[in-house]
Amino acid sequence: TAEQAAGNDPLRPVQSPTSPSAAAPTPCTILYLGPVLDVLSVQLLNKSVETRSAGLRWLLHLHLKTPKKIFLVADQLFTVLLKTLSDSSDKVVLLALEVLAELSSSHAEAEITEIYGNQLQVSPSSAPVSSTASAGSPTNSEATSQPRSTEVALPVGRLMPSVLRLTDSSMSSMTKLVAPTLQKCGSTSRLTVYFTRLIVSLLSLFSTDRQLLDKRGSFIIRQLCLLLSPKDVFGAMAAILSREEDLHFASVMVQNVNMILLTSSELYELRRELKNTPTRESCELFSSLYRSWCHSPVATLSLCLLTQAYEHSSDLIRSLYPRNVF
């Protein structure tokens, strides 16, 4: 029925649990997410660590309670969340990663697509969305009876380098590259359009901020592997790095992720799968890693030793060092 269809609409305002009647809500019992997200976005730029942390916890809470509405306006927050990964506080960085991971694996995308079909498109651009245009804001007919909130324009143009303002074509090509790779590697995760954007943006951020890569790169990647599937994270990174045009950055990045793969406890299960489970999916994962690991000869050799490909390891040593070293 029309009422049931309206009840499934994620764009409708959030009803307060204390509302005496869902059919006739009073203005004070309706939460419009647009203005709320504008305020929280500004709080993420606050100088206080506790204020920034509280803002991120509110985003997690809102996503838990209203995942479809948050997902529809997530593009408004994505750039600010990426900037937060450079925060001086580990606590803030971890909370930002939790929000990004929730957006990357949210079940809301499938539900929204079922309702709106092909009309739903999440733009990869970093342009801010004003509160009056956000999902969950009052319609024109409601504007006369509801007070208008003050619009907050986020200075996103000064927050991130222009390299992160991905075009539709570049994001589409990256998605077509990453999705088949993860499928061949046996990924069972339900990932959203924001997962590819997260990995691409993270690598772009490391490329432009080498200090962040050196000081926080390992921490960010390891925590992301705890929040998401390590196979998905490493498979996506490998697929993207295999097409990286900056060969020096690709070599540096491969050396960093290879060290994480070999030593971190978060990657234990992935190491065990590569080493002890000769399945088709593990072979595809090895092939995917191998193509990008070739940016670093030492990383390539260590990957072969990890997977017990000793014969190929011997061939690699002979090709890298033609003289008889034995």
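Scroll up a little and you will see the structure.
Position numbers for residues start from 1 in each chain and track the written sequence from start to end. Where local features are concerned, this predicted model is filtered to residues with pLDDT of at least 70; where side-chain atom pairs are given and counted, the filter is 80 or more; whole-chain, interface and lining totals use all residues. Working from all heavy atoms in the structure, the side-chain values ignore hydrogens and water.

A. Fine view of the packing of aromatic side chains. Ring geometry is summarised as follows: Phe, Tyr and Trp rings, the Trp one being its six-membered ring, pair when their centres sit within 6.5 Å, and such pairs are stacked at plane angles under 30 degrees, edge-to-face over 60 and tilted between the two. Throughout the structure, instances matching the rule amount to 3 aromatic pairs. Ring centres of Phe-78 and Tyr-194 lie 5.3 Å apart, and the angle between their planes is 25°; on these two criteria the pair is classed as stacked. With Phe-78 in helix 5 (residues 75–84) and Tyr-194 in helix 10 (residues 193–208), the pair connects residues that are 116 residues apart, well separated along the chain. Only protein chains enter the accessibility calculation, which uses a 1.4 Å probe. A residue is then buried if its area is under 20% of the maximum for its type, exposed if over 50%, and partly exposed in between. By relative accessible area, Tyr-194 is classed as buried at 1%. Here a strand is any run of E in DSSP of at least two residues, a helix any run of H or I of at least four, and the numbering for each starts at the N terminus.

B. Main features of the environment of Tyr-32. Within the secondary structure layout, Tyr-32 lies in the loop between strand 2 (30–31) and helix 2 (33–43). Taking the C-alpha atoms as reference points, Tyr-32 and Lys-69, 37 residues apart in sequence, are found 9.9 Å from one another.

C. Molecular detail of the packing of helix 10 against helix 12 (residues 230–241). Only the stretch in contact is used when fitting a helix axis, every axis being a line fitted to C-alpha atoms; angles between N-to-C directions are given from 0 to 180 degrees. Two elements in contact, helix 10 and helix 12, have axes whose closest approach is 10 Å; the angle formed by their N-to-C orientations is 60°. Our classification of the angle between helix 10 and helix 12 gives oblique. Between helix 10 and helix 12 lies a crossing of right-handed hand. Across the interface between the two elements, Phe-195, Ile-199, Val-200, Leu-202 and Leu-203 of helix 10 pack against Asp-232, Val-233, Ala-236, Met-237, Ile-240 and Leu-241 of helix 12. Of the residues contributing to the contact of helix 10 with helix 12, the split by class is 10 nonpolar, no polar and 1 charged. These descriptions rest on fixed angle ranges, namely under 35 degrees for roughly parallel, over 145 for roughly antiparallel, 65 to 115 for roughly perpendicular, and the rest for oblique. Two helices crossing with the near one rotated counterclockwise from the far one by less than a right angle form a left-handed crossing, whereas a clockwise rotation gives a right-handed crossing. Note on definitions: a residue-residue contact is assigned when non-hydrogen atoms from the two residues lie within 4.5 Å. Asp, Glu, Lys and Arg are counted as charged, while Ala, Val, Leu, Ile, Met, Phe, Trp, Tyr, Cys and Pro are counted as nonpolar; the rest, among them Gly, fall into the polar class.

D. Representation of helix 10 within the structure. The first and last C-alpha atoms of helix 10 sit 23 Å apart over 16 residues, in line with the 22 Å expected at 1.5 Å per residue. Where burial is concerned, most of helix 10 is hidden: 13 out of the 16 residues are buried. Helix span, as expected, comes to 1.5 Å for every residue beyond the first.

E. View of the packing of helix 14 (residues 268–276) against helix 15 (residues 280–293). Contact pair helix 14 / helix 15: the axes reach a minimum separation of 9 Å and the direction vectors enclose 105°. Judged by the angle between their axes, helix 14 and helix 15 are roughly perpendicular. For the pair helix 14 and helix 15, the contacting residues are Leu-270, Glu-273 and Leu-274 in the first and Ser-282, Leu-285, Phe-286 and Leu-289 in the second. Along the lines of polarity and charge, the residues of the contact of helix 14 with helix 15 split into 5 nonpolar, 1 polar and 1 charged.

F. Highlighting the environment of Leu-285. You can see Leu-285 is positioned in helix 15. Judged by relative accessible area, Leu-285 falls into the buried class, the value being 0%. In the structure, Leu-285 is positioned 11 residues away from Leu-274 in sequence and 7.8 Å away in space, judged by C-alpha atoms. Sequence-distant contacts of Leu-285, defined by excluding residues within four places in its chain, comprise Cys-185, Lys-231, Leu-270 and Leu-274.

In short, the description is geometric, and any link to function would need to be established separately.
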